[in-house]
Amino acid sequence: MKRRKLSTQELIDGIRSGNRIVLSRAITLVESQREEDIQQAEQLLEAILPLTGQSFRLGITGVPGVGKSTFIESFGTLLTQQGKKLAVLTIDPSSQRTRGSILGDKTRMEELSRNPNAFIRPSASGSTLGGVSGKTREVMLLCEAAGFDFIIIETVGVGQSETHVRGMVDFFLLLMLAGAGDELQGIKKGIMEMADAVVINKADGDNLKAAKRAKAEYQNALHLFPANPSGWLPQVKTCSSLDRNGLDGVFEMLQKFEQQVQANGYFNKNRSDQQVSWFKENLNELLKISFFKKPEVRTLYEQKLKEVQEGKTPALNAAHEVLGAFWPATE
Ligand code: GDP
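Values in this document were obtained by computation on a predicted structure and should not be read as measured data.

Asker: For the layout of surface pockets, give the residues involved together with the corresponding values.
Answerer: By rolling a water-sized probe across the atoms, one finds the places where empty space is left. By volume, the second largest pocket is sized at about 590 Å³. What lines the second largest pocket is a set of 29 residues, and nearest its centre among them are Glu-193, Met-194, Ala-195, Asn-228 and Pro-234. The element best represented in the lining of the second largest pocket is helix H12 (residues 266-293), accounting for five residues. Each residue belonging to the lining of the second largest pocket can be placed in one class, and the counts come to 13 nonpolar, 11 polar and five charged.

Asker: Explain the nonpolar core to me, using residue names and the numbers behind them.
Answerer: Among soluble globular proteins, nonpolar side chains are generally buried collectively. Grouped together as the largest cluster of nonpolar side chains are 50 residues, with contacts concentrated most on Leu-44, Leu-142, Cys-143, Ile-153, Met-192 and Val-198. Each residue touching Leu-44, except ones within four places of it in the same chain, is listed here: Thr-8, Leu-11, Ile-12, Ile-15, Ala-26, Leu-29 and Leu-142. Membership of the second largest hydrophobic core comes to 32 residues, among which are Phe-75, Leu-79, Phe-150 and Trp-232.

Asker: Give me the site of the ligand: which residues, what numbers.
Answerer: Of all residues adjacent to the ligand, which total 15 residues, the nearest are Gly-65, Lys-68, Thr-70, Asp-204 and Ser-241. Lys-68 is positioned with one of its backbone polar atoms (N or O) 2.8 Å from an oxygen atom of the ligand. Residue Ser-241 places a main-chain N or O atom 2.8 Å away from an oxygen atom belonging to the ligand. The protein chains hide 69% of the 580 Å² of surface that the ligand would expose on its own. When residues of the shell around the ligand are assigned to their parent elements, the largest contribution, three residues, is made by helix H4 (residues 68-81). Class assignment of the residues belonging to the shell around the ligand gives a composition of four nonpolar, seven polar and four charged.

Asker: Can you explain the side chain of Asp-37? Please cite residues and give values.
Answerer: Checked against the element boundaries, Asp-37 lands in helix H3 (residues 35-48). The class for Asp-37 is buried, based on a relative accessible area of 8%.

Asker: Help me get a handle on the environment of Glu-281, residues and values and all.
Answerer: Mapped onto the fold, Glu-281 is located in helix H12. For Glu-281, a relative accessible area of 33% gives the class partly exposed. Non-local contacts of Glu-281, meaning those with residues more than four positions away in its chain, are made with Arg-137 and His-164.

Asker: Describe H3, with residues and values.
Answerer: Between its terminal C-alpha atoms H3 stretches 20 Å, which fits the 20 Å expected from 14 residues at 1.5 Å a residue. Asp-37, Gln-40, Ala-41, Leu-44, Leu-45 and Ile-48 are the residues of H3 that are buried. Summarising the axial view, the buried residues of H3 lie within an arc of 140°, below the 170-degree limit, and thus occupy one face. Counted as exposed and oriented over 90 degrees from the buried face of H3: Glu-35, Gln-39, Glu-42 and Glu-46. Where H3 is buried, its residues touch helix H1 (8-16), helix H2 (20-31) and helix H7 (136-145).

Reading the values: rules and limits
- Residues numbered from 1 in each chain as written.
- Predicted model: local features only at pLDDT ≥ 70, side-chain atom pairs only at ≥ 80, totals over all residues.
- Heavy atoms only, no water.
- 1 Å grid on protein atoms, 1.4 Å probe; cavity = no way out; pocket = protein on both sides within 12 Å on 5 of 7 lines; lining within 4 Å.
- Points joined across faces, edges and corners; volume = space filled by probe spheres on them.
- Helix = DSSP H or I, 4+ residues; strand = E, 2+ residues; numbered from the N terminus.
- Nonpolar A, V, L, I, M, F, W, Y, C, P; charged D, E, K, R; others polar.
- Core = buried A, V, L, I, M, F, W, Y, C linked by side-chain atoms within 4.5 Å.
- Buried < 20%, exposed > 50% of the residue type's maximum accessible area, 1.4 Å probe, protein only.
- Contact = heavy atoms within 4.5 Å.
- Near = heavy atom within 4 Å.
- Polar contact = N/O pair within 3.5 Å; in protein donor to acceptor, adjacent residues only side chain to side chain.
- Areas by Shrake-Rupley, 256 points an atom, 1.4 Å probe, with all protein chains shown as cover.
- Expected span 1.5 Å × (residues − 1).
- Arc of directions from axis to C-beta.

In short, the description is geometric, and any link to function would need to be established separately.
So this is what it looks like as structure tokens:
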């Protein structure tokens with residue numbers, strides 16, 4: 001049976017009142033690629049904009065197995081105990097390829113998924129055209145409008161979506177493990193540079209000593225990175241997501257960060273910069289999409305691609321020729 005389409009006003013009212021079913025429907029709408037949905041989604045986003053921006057946005061990354069879902073389950077529970085309303089958006093770069101994805105596992109965050117003050121939603125990472133944009137930002141805005149005041153965006157630390165997530169959060173947290181000397185190799189240095197904090201998970205049992213050692217090593221490593229424009233010095237913490245130890249330390253760190261960057265003006269500046277980048281990224285992507293929509297462009301593109309491959313046409317000339325096919329022919 002086909003569900004009745006909700007009007008934009010019904011969506012706005014539902015979101016405002018914190019209705020999760022309506023929120024889910026709104027998210028599906030915003031993620032849709034259908035022409036008529038895109039229009040309604042934009043009306044909706046415009047209408048809810050004044051209700052957004054009031055949350056703290058936390059990005060979490062780390063290699064598979066580091067304990068991201070366990071951490072979010074435990075830390076998220078702590079957040080709700082602190083009176084927060086938490087939305088967790090998981091970005092899974094593999095979801096497009098495999099459908100049955102690692103993050104799709106139903107057993108992830110079981111406790112949190114039953115928590116009335118938490119909302120968990122997987123989010124596809126990119127468009128079919130190879131862009132990295134996805135709609136996670138827009139989904140985040142919908143969640144904020146629905147009253148969620150703490151947003152966690154989780155991504156698998158394999159180097160594809162980190163920069164993207166860094167660009168939409170206030171604080172970027174890298175989860176790591178204590179290892180035998182190979183601590184800095186499991187994760188790309190660039191990701192480490194983006195982190196506002198490294199949290200060493202599984203600091204429990206036999207691992208406790210190694211975790212403490214790793215903490216000192218990471219602290220030294222972080223000192224070597226260029227200063228953060230926020231004025232915040234990246235921190236290193238240890239925790240056990242399983243035993244739920246050290247999580248309050250992470251929470252206090254985030255509070256401290258928020259106080260500091262609110263006071264020095266970086267919080268608002270960063271958000272404003274992020275919005276501008278998002279506008280530019282969208283414009284780029286939309287340009288690309290409308291460009292390749294034109295059949296003449298696609299045909300000439302394939303032809304020129306081959307010529308460039310075979311060394312028959314200089315790359316720059318080929319690019320100009322394809323661009324020429326985009327503009328309507330003039331007499
Ligand atoms: P993800 O792939 O990063 O989401 O990792 P998971 O949260 O699924 O955790 C991977 C494995 O590590 C699971 O078997 C967890 O039970 C275990 N794990 C997660 N956090 C901890 C922790 O703090 N201590 C210990 N000992 N094990 C943990």
